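Per-entry structural report
This is what each chain is made of:
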Amino acid sequence: MPAVRPASKRKAPPEGFSDLEEDLLIFSNKMKDAQNAPNDNLPRHQAQWPIFQISHQRSRYIYELFYDKEAISRPLYEWLLKNGYADPMLIAKWKKQGYEKLCCLRCIQTKETNFNSTCICRVPKTVLKEDQDIQCVSCGCRGCFSSS
Amino acid sequence: MLKSTYKPSAAALQPLLPGWTEHKAPTGHTYYYNAATKESTYKRPAAPFAPTAIAPQVNLSDPNIANAFLAQNAPQPSHQSSHRGGFGGERGGRGGFQPRPRPQPTDKPRSKVAIPGHEPWILVYTKLNRRFAYNPVKKASYWRIPEKLMPAILELDQARIRQKAIDETAPTVTTTGETTVPNRPGAAAPATTTEPHDYDSSEYEEVEVTDSEDDDPSRPKRQRTSDDPPSGPVEFTEADIAAQLAAMNADYNSYPSDSDQDEDDGPPPLSESDATALFHDLLTDLRINPYTPFATLLEQPTTADKLTSDLRYLVLATTRARKEAWETWSRARMQALKDERARQEKTDPRIGYLEFLQENATPKLYWPEFRRKYKKIDCMKDGGAAFGDKEREKLYREYIARVKTSVGERKGELKGLLAGQGARALNSATVVPEGVPAAVRADVRWVVLDRKTRDEFVEGYVRGLGPPPEDEGQGTREEEEAAEKAREERRKRERALEDRERAVAEEKRRQEKRLGFERARLREEERELEKAMVVDKKGLRGQLAGERMEE
């Protein structure tokens, strides 16, 4: 069991954290609500959807602040990753061409599907049939293909 | 059926005929009683129209004079005969208060009938169910039908009404009622109620006894004049009629109908950059945290309410546009915050700590003792990576070492420090304790002298310096100008927004008014239809007679 560190002895987060604190708290409250929401009367595969979605949103938020808007410092960004505020593996995918909007890691995990294919949400809209509304099984994504 | 006789303007203007008295019924209606004839009526038995007072001086038998007279004395366009109840109902609702003139629908000729017996003359019916006599040879047209045409026109009307009565059943009455039957021939302004008996044909239902007709007695009726019919048939086209009608309308509306003009120009356009800037202003004014994602802003009830209740939220039409505006705003804002913080970072911790040292540090205490003693004080606590305990210890030791030296020596050191500053940072305009640059105040040499002697010394030193360099002054002036310009632009934007809002509100109000008016008209028409449907066994003739009785 890791040592229990009291709040007074805990190392303070890097500066700039106070700017994001409030919004991260909102995200974590949302996450708690999603975790505690009853999932009795919805299909079993949908139970995890809101959790995937919130996790995606939060990772995206931090990713954009650091890479796109350059509003937070690298130490803070690393601290956030280390403390589980964002998913570094997912962010690593977003940096790759063709994966800029990837919804979750499970959707590109070809080994988990029957025909060694990616999820339906990775298929570009132009390839899909006209007016075909899709929502993927793993995270409820409606399409996360990259478009210009 | 009772007709509304509420006509405040009429009541105010017309004196009662002798022998009549005014009373109020328990229902609130005003009615009039003639003790001599034991007659009572809701209709004000007033002396005939006010224009009678003016009319006698004008020779209305000349059509040109009559038209000119009309143009002068008819400030109100009246859709005289057609929407009888419709307008009456609406006017009653307004309670005799006349705001701006109603937008006047443009009239158009709809059909024409040759008047038998008076060859070149034709009778033109318009879209609004008005009609006028037109002489294509003389190119003259008169709303007021010339006297000598009157019998022929009456005959025409009678024939038409008879035809309709045969063709259709009950509703005919209303339709005939709607067709225009303008004033009787004869004197310019006789009381309309008494008139119909001159031509007592039962089919010739008098339309003039309506609310819309006689509710404004100050307005002269369309007057007819006699005119010599020139001989010789002339080709008469629709275009001619239209031109005539336009000319008459122009005559008729001698006042500008500003409401029509207003309708044409929409809300003043707000340029895209202005709209974006307004949205930025909104975000700044609400002190929105630039780090908050846009989705969260719209989800959280506190911020969402504040945002959406503001007018400036709507200057951008789509949420996508708003998001883009927010994006640019948040980027700029975050950058500004970052810059500001960087500037503060440079100055802050050391200065505070040195001031604290100046007050509390003595050579009697070693560093560990000092630290232990004051560990609860803010500036002794963790100040981040840039200013740690090691730095503090170094500064403390340095301070103690310098305090032990003589005052003169310390002054010399301070002078050396001040001399190192450029003319821009330190000049004769510097205010001594506050205006001194941060670089000086973050140095140990600044605090080693006690405050009073130091300030005096620095004051003397600063006086000996030259004035501030020119370009710096210019820089501040430019900054001021930029700020002033930004403020001015913002004021302009807000004014534009206000203008737009006002225009939109105006447009809305106008539409509501129009809607209300249309509704009232519809109701009136329904009522008329209903009325027309009630036909007893005696048929049309009986009903017409009954209606006259009612009046």
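Residues numbered from 1 in each chain as written. Chains lettered and ligands numbered in written order. Predicted model: local features only at pLDDT ≥ 70, side-chain atom pairs only at ≥ 80, totals over all residues. Heavy atoms only, no water.

Quick look at the sheet that holds strand β2 (residues 30-34) of chain B now. All names here are of chain B. With respect to topology, three strands assemble into an open sheet ordered β1-β2-β3, the strand pairing being antiparallel. Strands with a single pairing partner mark the edges of an open sheet, and in this sheet they are β1 (20-24) and β3 (39-41). Sheet twist, expressed as the average angle between the axes of neighbouring strands with direction ignored, equals 25°. Across five bridges, the pairing between β1 and β2 is antiparallel. The residue of β2 that forms the bridge with Thr 21 is Tyr 33. (Pairing = 2+ DSSP bridges. Helix = DSSP H or I, 4+ residues; strand = E, 2+ residues; numbered from the N terminus. Axes fitted to C-alpha atoms, helices over the stretch in contact; angles between N-to-C directions.)

Attention now goes to the packing of helix α1 (residues 17-36) of chain A against helix α2 (residues 49-68) of chain A. A pair of packed helices is characterised by two quantities: the angle between their axes and the separation of those axes. Residues and elements named next belong to chain A. Packing of α1 against α2 leaves a shortest axis separation of 9 Å and a crossing angle of 165°. Taken together, the axes of α1 and α2 are roughly antiparallel relative to one another. At the point where α1 passes α2, the crossing takes the left-handed sense. Judged by residue contacts, Leu 20, Asp 23, Leu 24, Phe 27, Ser 28, Lys 30, Met 31, Ala 34 and Gln 35 of α1 engage Pro 50, Ile 51, Ile 54, Ser 55, Gln 57, Arg 58, Tyr 61, Ile 62 and Leu 65 from α2. Tallied by class, the residues present in the contact of α1 with α2 amount to 11 nonpolar, four polar and three charged. (Parallel < 35°, antiparallel > 145°, perpendicular 65-115°, else oblique. Left-handed = near helix turned anticlockwise from the far one by under 90°. Contact = heavy atoms within 4.5 Å. Nonpolar A, V, L, I, M, F, W, Y, C, P; charged D, E, K, R; others polar.)

Before going further, it helps to examine the interface of chain B and chain A. In this assembly, 15 residues from chain B lie in contact with 13 residues from chain A. Between chain B and chain A the total buried area reaches about 1,200 Å² when both faces are included, carbon and sulfur atoms providing 47% of it. Together, Tyr291(B), Arg331(B) and Met334(B) form the three largest contributors to the area buried by chain B at its contact with chain A, with a combined 40%. At the boundary of chain B and chain A, one finds three salt bridges. Within the residue set of the side of chain B that touches chain A, elements represented by two or more residues are α11 (294-299) and α13 (319-360) of chain B. With eight residues, α13(B) is the largest single contributor of residues to the side of chain B that touches chain A. (Buried area = accessible area lost by both parts, 1.4 Å probe. Salt bridge = Lys/Arg side-chain N within 4 Å of Asp/Glu carboxyl O.)

This part takes up the pairing of strand β6 (residues 131-135) of chain B. All names here are of chain B. Counting buried residues in β6 gives five out of five residues, a clear majority hidden from the surface. Here four bridges tie strand β5 (residues 122-126) to β6, and the two strands are oriented antiparallel to one another. Within β6, the residue paired with Ile 122 across the bridge is Tyr 134. Counted between consecutive antiparallel strands, the loop separating β5 from β6 contains four residues, among which Asn 129 sits at a positive phi close to 65°. (Buried < 20%, exposed > 50% of the residue type's maximum accessible area, 1.4 Å probe, protein only.)

Another point: the pattern of salt bridges. For the structure on display, the rule yields 32 salt bridges over all chains. Asp68(A) is the salt-bridge partner of Arg331(B), the closest N and O atoms lying 3.0 Å from each other. Taken together, the residues Arg331(B) in helix α13 and Asp68(A) in helix α2 connect one chain to another. By relative accessible area, Arg331(B) is classed as partly exposed at 30%. According to the relative accessible area criterion, Asp68(A) is partly exposed, its value standing at 36%. Note that Arg312(B) and Asp285(B) form a salt bridge whose closest N and O atoms lie 3.0 Å from each other. Linking Arg312(B) in the loop between α12 (301-308) and α13 with Asp285(B) in helix α10 (residues 272-285), this pair joins segments that are 27 residues apart in sequence. Judged by its relative accessible area of 37%, Asp285(B) falls in the partly exposed class. Among the charged side chains, a salt-bridge network with shared partners connects Asp281(B), Asp285(B), Asp310(B), Arg312(B), Arg490(B), Arg493(B) and Glu494(B).

On to the confidence of the model for chain A, then. In this model, chain A carries an average pLDDT of 91, and 99% of its residues clear a pLDDT of 70 or more. The lowest-confidence element of chain A is α1(A), averaging 93 in pLDDT; the highest-confidence one is helix α4 (residues 88-94) of chain A, averaging 96. (pLDDT = per-residue confidence, 0-100.)

For the rest of this paragraph, the subject is unusual backbone geometry. Even without being glycine, Asp131(A) reaches a positive phi, approximately 60°. By secondary structure assignment, the location of Asp131(A) is in the segment after α4.

Attention now goes to the side chain of Asp281(B). Residues and elements named next belong to chain B. Within the element layout of this structure, Asp 281 appears in helix α10. Under the relative-accessibility criterion, Asp 281 is labelled buried at 10%. One polar contact links Asp 281 to Arg 493, side chain to side chain, over a distance of 2.9 Å. Beyond its immediate stretch of four places on either side in the chain, Asp 281 contacts Arg 312, Arg 490 and Arg 493. (Polar contact = N/O pair within 3.5 Å; in protein donor to acceptor, adjacent residues only side chain to side chain.)

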